[in-house]
Amino acid sequence: MRELSFRCTPSVPHMLGELSDRRGRFVLEDVQRGKAIIGADPFEVLTAHHGRDPFATLADQLARFRQDHPTLDAPFAGGAVGCFSYDLGRSIERLPSLAREDVPTPDFHLGLYDSALCVDSRTGVCTAVSWSGDTEAIADWRALALTSPETPSVVDHSPVHCAGEPVELGCDFTKADY
């Protein structure tokens, strides 16, 4: 495992745009804390469909990430990112199926990522990480971050407080319409 931290506050939307031609790009962002994890190009994509044990499939694949490595300061150093379907609950417990499956969806769709860029806009520090120690991937993340326009000073994302008269909310459709 390898990491490289450097001073930088890249624009996350700009970086995603720069990654638009890359497979499996993602951003996990905590806007209030000014942190983001950006990744692309999974080395493998896992998809589980009904019938197989999706958790056994996932555990087998994630086992390769269990190694004795020093603890990193970065919040992500490689692993699975993706989505789980609502119907995955049927793998855990018996639930009635009240609707027919009109759009076939997998139980999960996950990319396995070896590297990523962790951005901390509050401290102005980025950390490029690679689980396998891929120095080229780390250099690529660093170059991308350093060529991105800087994010303006971090905006306070505290809850909005509005002054003035209270606003009455309403609905323009009925339960039957819904």
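Before any of the text, the structure's been laid out above.
None of the values given here were measured: they were computed from a predicted structure.

Visitor: For this particular structure, what's the right way to read helix α2 (residues 54-62)?
Guide: Residues that lie three or four places apart on an α-helix share one face, since the helix turns once every 3.6 residues. All buried positions along α2 are accounted for by Pro54, Leu58 and Gln61. Across the axial projection of α2, the buried residues extend over an arc of 65 degrees, all falling on one side. The elements touched by buried residues of α2 are β4 (44-48), β5 (79-84) and β6 (108-113).

Visitor: Just to check I follow, could you spell out the pattern of salt bridges for this structure?
Guide: Any two side chains of opposite charge can pair, given that their charged atoms come close. For the coordinates displayed, the defined rule picks out three salt bridges. Here aspartate 41 ties to arginine 22 by a salt bridge, and the two come within 2.4 Å at their closest N and O atoms. You can see aspartate 41 sitting in the loop between β3 (35-39) and β4 and its partner arginine 22 sitting in the loop between α1 (12-18) and β2 (26-30), a full 19 residues away along the chain. We note a salt bridge from aspartate 30 to arginine 33, for which the minimum N-O separation is 3.6 Å. According to the relative accessible area criterion, aspartate 30 is partly exposed, its value standing at 28%.

Visitor: Looking at this model, I keep getting lost on the pairing of strand β8 (residues 125-130). Mind explaining?
Guide: Two faces belong to every sheet, and in a regular strand the side chains alternate between them. Counting buried residues in β8 gives five out of six residues, a clear majority hidden from the surface. When strand β1 (residues 2-7) meets β8, the two strands line up antiparallel, connected through six bridges. Paired with serine 5 across the two strands is threonine 127, which belongs to β8. Of the pairings in the sheet, the one linking strand β7 (residues 115-120) to β8 comprises six bridges and is antiparallel in character.

Visitor: Teacher, can you tell me more about unusual backbone geometry here?
Guide: The general pattern is negative phi for most residues beyond glycine and trans for most peptide bonds. Here aspartate 41, not a glycine, exhibits a phi torsion of approximately 60 degrees, which is positive. Relative accessible area serves as the criterion here: at 35%, aspartate 41 is assigned to the partly exposed category.

Visitor: What is the right way to read the sheet that holds β1 from this model?
Guide: Note on sheets: strands pair through backbone hydrogen bonds, and any given pair is parallel or antiparallel. Taking strand neighbours across the sheet as the criterion, the five strands line up as β1-β8-β7-β3-β2 in an open arrangement whose pairing is antiparallel. Edge positions in the sheet fall to β1 and β2, since each has one partner strand and no second. Each neighbouring strand pair of the sheet contributes to a mean axis angle of 15 degrees, computed without reference to strand direction. Sitting on the sheet, helix α3 (residues 135-147) touches β1, β3, β7 and β8, and the angle it makes with β1 is about 20 degrees.

Visitor: Got a minute to help me understand the packing of aromatic side chains in this structure?
Guide: Aromatic ring pairs are described here by two measures, namely the spacing of the ring centres and the angle between the planes. Tallied over the entire structure, the rule returns three aromatic pairs. An angle of 70 degrees between the planes, with centres 4.8 Å apart, marks the rings of phenylalanine 26 and tyrosine 113 as edge-to-face. Of the two residues, phenylalanine 26 sits in strand β2 while tyrosine 113 sits in strand β6, which places them 87 residues apart along the sequence. Looking at phenylalanine 26, the relative accessible area reads 9%, which means it is buried. Classification of tyrosine 113 as buried rests on a relative accessible area of 4%. Ring pairing ties together the aromatic residues Phe26, Phe76 and Tyr113, which thus form one cluster. In this structure, arginine 22 is placed above the aromatic ring of tryptophan 141, and the distance from its NZ or CZ to the ring centre is 5.9 Å. Between the NZ or CZ atom of arginine 142 and the centre of the ring of phenylalanine 6, over which it lies, the distance is 5.5 Å.

Visitor: Is there a simple way to think about the nonpolar core in this case?
Guide: Nonpolar side chains in soluble globular proteins tend to be buried together. Counting residues in each nonpolar core, the largest one holds 16 residues, and the members touching the most others are Phe6, Ile38, Leu117 and Trp141. When residues of this core are traced back to their parent elements, those giving at least two are α1, β3, β7, β8 and α3. Per-element accounting of this core gives the leading share, four residues, to α3. Core analysis: the next-biggest nonpolar cluster, separate from the first, contains nine residues, Ala74, Phe76, Tyr113 and Ala116 among them.

Cut-offs applied
- Residues numbered from 1 in each chain as written.
- Predicted model: local features only at pLDDT ≥ 70, side-chain atom pairs only at ≥ 80, totals over all residues.
- Heavy atoms only, no water.
- Buried < 20%, exposed > 50% of the residue type's maximum accessible area, 1.4 Å probe, protein only.
- Helix = DSSP H or I, 4+ residues; strand = E, 2+ residues; numbered from the N terminus.
- Arc of directions from axis to C-beta.
- Contact = heavy atoms within 4.5 Å.
- Salt bridge = Lys/Arg side-chain N within 4 Å of Asp/Glu carboxyl O.
- Pairing = 2+ DSSP bridges.
- Axes fitted to C-alpha atoms, helices over the stretch in contact; angles between N-to-C directions.
- Phe/Tyr/Trp six-rings, centres within 6.5 Å; stacked < 30°, edge-to-face > 60°.
- Lys NZ or Arg CZ within 6 Å of the ring centre and 35° of its normal.
- Core = buried A, V, L, I, M, F, W, Y, C linked by side-chain atoms within 4.5 Å.

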